[in-house]
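For reference, the chains in residue letters:
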Amino acid sequence: MANKLISEMGLPKSIANIFAARNINTAKDALSLTEFELMELLDVGMADVTSAVAHISAVVSPPYQTALFLMEQRLQNEQFAGHLPTRLKGLDDALCGGIPFGVLTELVGPAGIGKTQFCLKISLLASLPASYGGLEGHVVYIDVESKFSSRRIIEIGSTSFPEIFHRKGMAQEMAGRILVLRPTSLSEFTESLQQIKVLLLQQQVKLLVIDSMAALISGEYDQGAPRQHSLGWHISFLKSLAEFSRIPVVVTNQVRSQRRDEVCQYSFQAQKNAETQEGTDKYDSHVVAALGIHWAHSVTIRLVLEAKSGQRYIKVAKSPMSPPIAFPFIITSSGIALLEDDGIELRGQEINTIHCQGLDEIINFDGERMK
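Below is a short write-up of the structure. Since the structure is predicted, the reported quantities are computational estimates derived from the model, not experimental observations. (Residues numbered from 1 in each chain as written. Predicted model: local features only at pLDDT ≥ 70, side-chain atom pairs only at ≥ 80, totals over all residues. Heavy atoms only, no water.)

**Overview of empty space enclosed by the protein**
- Taken as a whole and assessed by the stated rule, the structure comprises one cavity of 30 Å³ or more.
- When its volume is computed, the largest cavity comes out at roughly 50 Å³.
- Along its surface, the largest cavity is lined by T86, L88, Q117, F118, K121, I122 and I336.
- Broken down by element, the lining of the largest cavity gets its largest block of residues, four residues, from helix 7 (residues 115-127).
- Residues that form the lining of the largest cavity fall into these classes: four nonpolar, two polar and one charged. (1 Å grid on protein atoms, 1.4 Å probe; cavity = no way out; pocket = protein on both sides within 12 Å on 5 of 7 lines; lining within 4 Å. Points joined across faces, edges and corners; volume = space filled by probe spheres on them. Helix = DSSP H or I, 4+ residues; strand = E, 2+ residues; numbered from the N terminus. Nonpolar A, V, L, I, M, F, W, Y, C, P; charged D, E, K, R; others polar.)

**Things to note about the pairing of strand 13 (residues 335-338)**
- Sheet analysis places strand 12 (residues 325-332) next to strand 13, joined by four bridges and oriented antiparallel. Bridged to I330 within strand 13 is A337.
- Here strand 12 hands over to strand 13 after two residues, the two strands then running antiparallel side by side. (Pairing = 2+ DSSP bridges.)

**Here's the deal with helix 11 (residues 186-202)**
- Its 17 residues place the ends of helix 11 24 Å apart at the C-alpha level, agreeing with the 24 Å of an ideal helix rising 1.5 Å per residue.
- For helix 11, the principal kink sits at L193 and spans about 35°.
- Within helix 11, the full set of buried residues consists of L186, F189, S192, L193, I196, L199 and L200.
- The positive-phi residue at the C-terminal boundary of helix 11 is Q204, with phi of around 50°. (Expected span 1.5 Å × (residues − 1). Bend = angle between axes of the 7 residues up to and from the residue. Buried < 20%, exposed > 50% of the residue type's maximum accessible area, 1.4 Å probe, protein only.)

**Overview of the packing of helix 7 against helix 8 (residues 150-160)**
- Relative orientation of the contacting elements helix 7 and helix 8 amounts to 60°, with a least axis distance of 10 Å. In terms of their interaxial angle, helix 7 and helix 8 are classed as oblique. Considering how the two elements wind past one another, helix 7 and helix 8 form a crossing that is right-handed. Two secondary-structure elements touch here, helix 7 through Q117, L120, K121, S123 and L124 and helix 8 through R152, I153, I156, G157 and S160. (Axes fitted to C-alpha atoms, helices over the stretch in contact; angles between N-to-C directions. Parallel < 35°, antiparallel > 145°, perpendicular 65-115°, else oblique. Left-handed = near helix turned anticlockwise from the far one by under 90°. Contact = heavy atoms within 4.5 Å.)

What follows is the structure, given as structure tokens:
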């Protein structure tokens, strides 16, 4: 709008001609000057300048929109702002319907907590017929750590949807809709992104899963590549891919140990950092999400899977539509199952803390094992 021509704004012809004669042709040219500078340059009175500036500003300024209008617009265009239901009622309610289309959703947690189980279940749900609440489409599953199991996904389907999977050939049909790619390095993944983009267009892909992004980056990082720098392009590409294709994009992330000498990312962490440095080895056992703060700001939804005293929880740690809330869960033959749908609202440090109590060990981002 800044480059909109003044001659097309409906100003009185006399004042529009003066602007043109002084080579002030666009809204940006006019609004970059003060009213006194315009009065002197145009050689007209202040009243004429004030009126012209007000008119130009009104034309180029975007109109306001009320919250009610935005809500009604979203309801009218639900196909562009939909969700993939996870079939976990409490979580779906918190996320206003499930995993949202068009944005990045992150699953972060220690090894063995259930991230891949979650990804397998939603991959199955995206491939289900629409009559059963699915998206009836293909899934692109980036299996970085070779954890994808076709046997497990059929087990989940047979247990969760026996009326579908017990039909002859249906298990093969559902499994055939999930396209698995296994890049072995970040550079190989980068080369496959264009192939992924073509698949999204040609194969009616309704879900993209990357399990896990941290594993791709870790190999590059071990070789000395700056992690944040190498991630920048990929973050932008994935976000644009999500927005362009209007599908849910789910990415898993690992955890790493927080070092004693690590610089605080936020001012409110300074006191906590000082306290933990006084003590002991307790700080060394604290874990945080890998990939850093740049990545954390890029995801729209962050779901943390953690364990406290042997009980697993799935936590909505970041979401524009939900307060921080945690749900206890177990892993069954039909996948992840919530123990209750009401959830536990979180406050303070509990929102960003990742617990690993009750797990035998986790794998550090740098490849070290921590007890």
